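Report on the structure
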Amino acid sequence: MGSEGDGVEAPLPGRVKTSGKEFHVPLIQNIDEDKLEKHLKKCNSREKPKPIYYCKGINGGCEDAVETAKQQVSICTLSKEELEKIIGKLLKTTSSLDSQLIDQTSTHRALEKALNDPKNGEHAFKHLKQKASLAGNLERLGLLGSNRCFVEFGAGRGKLSHWIDLALQDAENVHFLLVERATTRFKVDGKHRRQGSTFERLQIDIEDLNLSNVPLLARENLPVVAIGKHLCGAATDLALRCLLRSYKTENKDPDKEPLEKRLKSDERETIRAHPLNLSNCTLLNTPNGLPIHGVAIAVCCHHRCEWKHYVGKEFFFSQDLTADDFKIFQRLSSWATCGMKRHSIDTSEVEFGSTHPKVEEHSFEEEGSAYEGTMTAEEREHVGRLCKHLIDQGRIWYLQQQGFDSALQYYTSPSISLENVLLTAIPFQQLSSLRTLK
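My aim in this report is to walk through the structure given alongside it, one point at a time. Just so we're clear, the structure is a prediction, and the values are computed from it rather than from any experiment.

So, on to the sheet that holds strand β3 (residues 102–103). What the 8 strands build is an open sheet, ordered β3-β9-β10-β8-β7-β4-β5-β6; its pairing is mixed. Where the open sheet ends on each side, the last strands, each with one partner, are β3 and β6 (197–202). In terms of strand pairing, β3 meets strand β9 (residues 404–410) through 2 bridges, oriented parallel. Bridging from a neighbouring strand, Ile102 pairs with Gln409 of β9.

Written as structure tokens, this is what we have:
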């Protein structure tokens, strides 16, 4: 910017100097008038036109007064008594939740050759094991097949979609939408030439993505399968809201207000008192052709969650928890994976779609070190796991309120990845059909 190659002539930034005339340029260099048109076509700093599916902050959630007034909580500033009180509240809340996850570690034949290839080192092997298990779980849930669109959130280089495509060699009319906000090098989606599947990349923040306006989805009208590997922190909440916001009103009277505004005060209290009782609320999806076929997202980095974006606020309120509690639990969740000297954390393939720098996704703060004298490493890890589970339970609740059978399960071992929990969701009606077929 502003180099000789850009034709700098005038000392006034952002203007074009000509004989007797100067023109304002909405960039930060000065350009000769006769070179301006050509330069604006190639300059990387120009503001590009927004795609039709861009809608700023559509999936961001509501920012309340608590969110704006409070700064990020530092665990190190809490006294021993304050920490014991918040951990006591955590233990009391999670005691009523099922915290024992089923091990659904799986694999898929499409990755068998790569898994047995000695050229793949330990690092590549770990990522292949995770992708194989994700593909195997998609198959277990009946989500692999023809005539559908896979939307990979936080796609990165697109390797998860790559392997799923290979697992669908006999399928027809399969489409992949790869959502990634960052400019990505060494993408693999451009190498696919198989008939029966197409790949399209959407370079956009999940927070700003109006999925229903994506031309492919509007044109093909195919059911969507949402996938993601290591969709960090708030990106999982943004992705879930993106899915449900795009499709939840499709078969509903558009003149009606959202559920939370339509409920009477006594109905609100009923939901708060019995958050997991689906008979107490109105489902926003209808049984007539649910366009969301399923969800399979490997979650991680709960310390990167944000109250503003979090989809489980009503769940927290139903448990007599507040936004302040959420922020402390969010920080404590890092204890599950940080400071564990016997483990190593793989940071090379972090895939994220929210508003934080990629290089920091797994950069945990050693906040547990301040309490090493009062809590063992195992105790801190247990507290961190409970915090992560509690946050994920809010996501489960959110999906259940929308008419999905949702669950958490382990999809790989801690030796492969410490972030080894998979969030899945299937529409209740679709689940009933699968059981009938069996």
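After that view, the rundown keeps rolling.
Let us now look at the packing of aromatic side chains. Counted according to the given criterion, the structure contains 11 aromatic pairs. Both rings, one in Trp307 and one in Phe316, keep their centres 6.1 Å apart while their planes meet at 65°; by these two values the pair is edge-to-face. Each member of the pair, Trp307 as well as Phe316, carries the same accessibility label: buried. Measuring from centroid to centroid gives 6.3 Å for Phe315 and Phe316, while their planes differ by 70°, and the two rings are edge-to-face. Just as Phe315 is buried, Phe316 falls in that class too. Through successive ring pairs, a cluster of aromatic residues spans Trp307, Tyr310, Phe315, Phe316, Phe317, Phe326 and Phe329.

Attention shifts here to helix α3 (residues 80–94). With 15 residues, α3 extends 21 Å from end C-alpha to end C-alpha; this agrees with the ideal 21 Å at 1.5 Å per step. Taken together, the buried positions of α3 are Leu83, Ile86, Ile87, Leu90, Thr93 and Thr94. One face of α3 carries all of its buried residues, which in axial projection span an arc of 125°. For α3, the exposed residues lying more than 90 degrees away from the buried face are Glu81, Lys85 and Lys92. Close packing links the buried residues of α3 with α12 (323–332) and α13 (377–401).

Our focus in this paragraph is the state of the cysteines. Structurally, a disulfide amounts to a covalent bond that connects the sulfur atoms of two cysteines. For the coordinates displayed, the defined rule picks out 0 disulfides. Looking at the unpaired Cys301, the closest cysteine sulfur is the one in Cys300, lying at 3.5 Å. The buried category is assigned to Cys301, whose relative accessible area is 0%. In this structure Cys305 is a free cysteine whose sulfur lies 8.9 Å from that of Cys301, the closest cysteine sulfur available.

Attention shifts here to the pairing of strand β7 (residues 224–232). Most of β7 is tucked away, with 9 of its 9 residues classed as buried. Two strands pair when backbone bridges link them, and strand β4 (residues 148–153) and β7 are joined in this way by 4 bridges, in the parallel orientation. Residue pairing for β7: Cys149 is matched across the bridge by Val224. Of the pairings in the sheet, the one linking β7 to strand β8 (residues 292–300) comprises 8 bridges and is parallel in character. Directly across from Cys232, in β8, lies its bridge partner Cys300.

Look at α12 against α13: their axes get within 8 Å of each other, and the N-to-C directions meet at 130°. Here α13 runs oblique to α12, going by the angle between their axes. As for the relative orientation of α12 and α13, their crossing is left-handed in sense. Across from Phe326, Phe329, Gln330 and Leu332 in α12, the residues of α13 making contact are Val383, Gly384, Cys387, Leu390 and Ile391.

Extensive coverage of strand β10 (residues 421–427) is indicated by the burial of 7 of its 7 residues. Side chains Val421, Leu423, Ala425 and Pro427 of β10 all project onto a buried face; the interleaved residues Leu422, Thr424 and Ile426 project onto the opposite face, where all are buried too. Pairing of β8 with β10, which is carried by 5 bridges, proceeds in the antiparallel orientation. Within β10, the position partnered with Val295 by the bridge is Ala425. Where β9 meets β10, 7 bridges bridge the pair, whose relative direction is antiparallel. What sits directly across from Phe404, in β10, is Pro427.

What follows is about the nonpolar core. For soluble globular proteins, the rule of thumb is that nonpolar side chains tend to be buried together. Judged by nonpolar contacts, the single largest core of 66 residues is most densely connected at Phe153, Leu209 and Leu332. If one sorts the elements of this core by residue count, α13 sits on top with 9 residues. Filtering out sequence-adjacent residues up to four positions away, Leu209 remains in contact with Tyr53, Ile58, Asn59, Phe153, Val179, Leu202, Ile204, Val214 and Cys242. Of all hydrophobic cores here, the second largest spans 22 residues; its members include Leu143, Phe150, Ile164 and Phe176.

Tracing the backbone shows Asn420 in the loop between β9 and β10. For Asn420, the residues in contact, after removing those within four places along its chain, are Arg385, Gln409, Tyr410, Tyr411, Thr412, Ser413 and Pro414.

Before going further, it helps to spend a moment on unusual backbone geometry. A positive phi angle, near 55°, is found at Asn221, a position not held by glycine. Structurally, Asn221 is set in the loop between α7 (215–220) and β7. Asn221 sits in the exposed class, given a relative accessible area of 60%. For Asp320, which is not a glycine, the phi torsion comes out positive at approximately 60°.

Our next topic: the side chain of His175. Here His175 shows up in strand β5 (residues 174–179). Here His175 falls in the buried class, since its relative accessible area comes to 7%. A distance of 3.0 Å separates a polar atom in the side chain of His175 from a polar atom in the side chain of Asn173. When near neighbours in sequence (up to four residues on either side) are disregarded, His175 contacts Arg148, Cys149, Phe150, Thr198, Leu216, Glu220 and Leu222.

Rules behind the numbers
Residues numbered from 1 in each chain as written. Predicted model: local features only at pLDDT ≥ 70, side-chain atom pairs only at ≥ 80, totals over all residues. Heavy atoms only, no water. Pairing = 2+ DSSP bridges. Helix = DSSP H or I, 4+ residues; strand = E, 2+ residues; numbered from the N terminus. Phe/Tyr/Trp six-rings, centres within 6.5 Å; stacked < 30°, edge-to-face > 60°. Buried < 20%, exposed > 50% of the residue type's maximum accessible area, 1.4 Å probe, protein only. Expected span 1.5 Å × (residues − 1). Arc of directions from axis to C-beta. Contact = heavy atoms within 4.5 Å. Disulfide = S-S within 2.5 Å. Axes fitted to C-alpha atoms, helices over the stretch in contact; angles between N-to-C directions. Parallel < 35°, antiparallel > 145°, perpendicular 65-115°, else oblique. Left-handed = near helix turned anticlockwise from the far one by under 90°. Core = buried A, V, L, I, M, F, W, Y, C linked by side-chain atoms within 4.5 Å. Polar contact = N/O pair within 3.5 Å; in protein donor to acceptor, adjacent residues only side chain to side chain.

Functional significance is not addressed by these values, which are geometric in nature.
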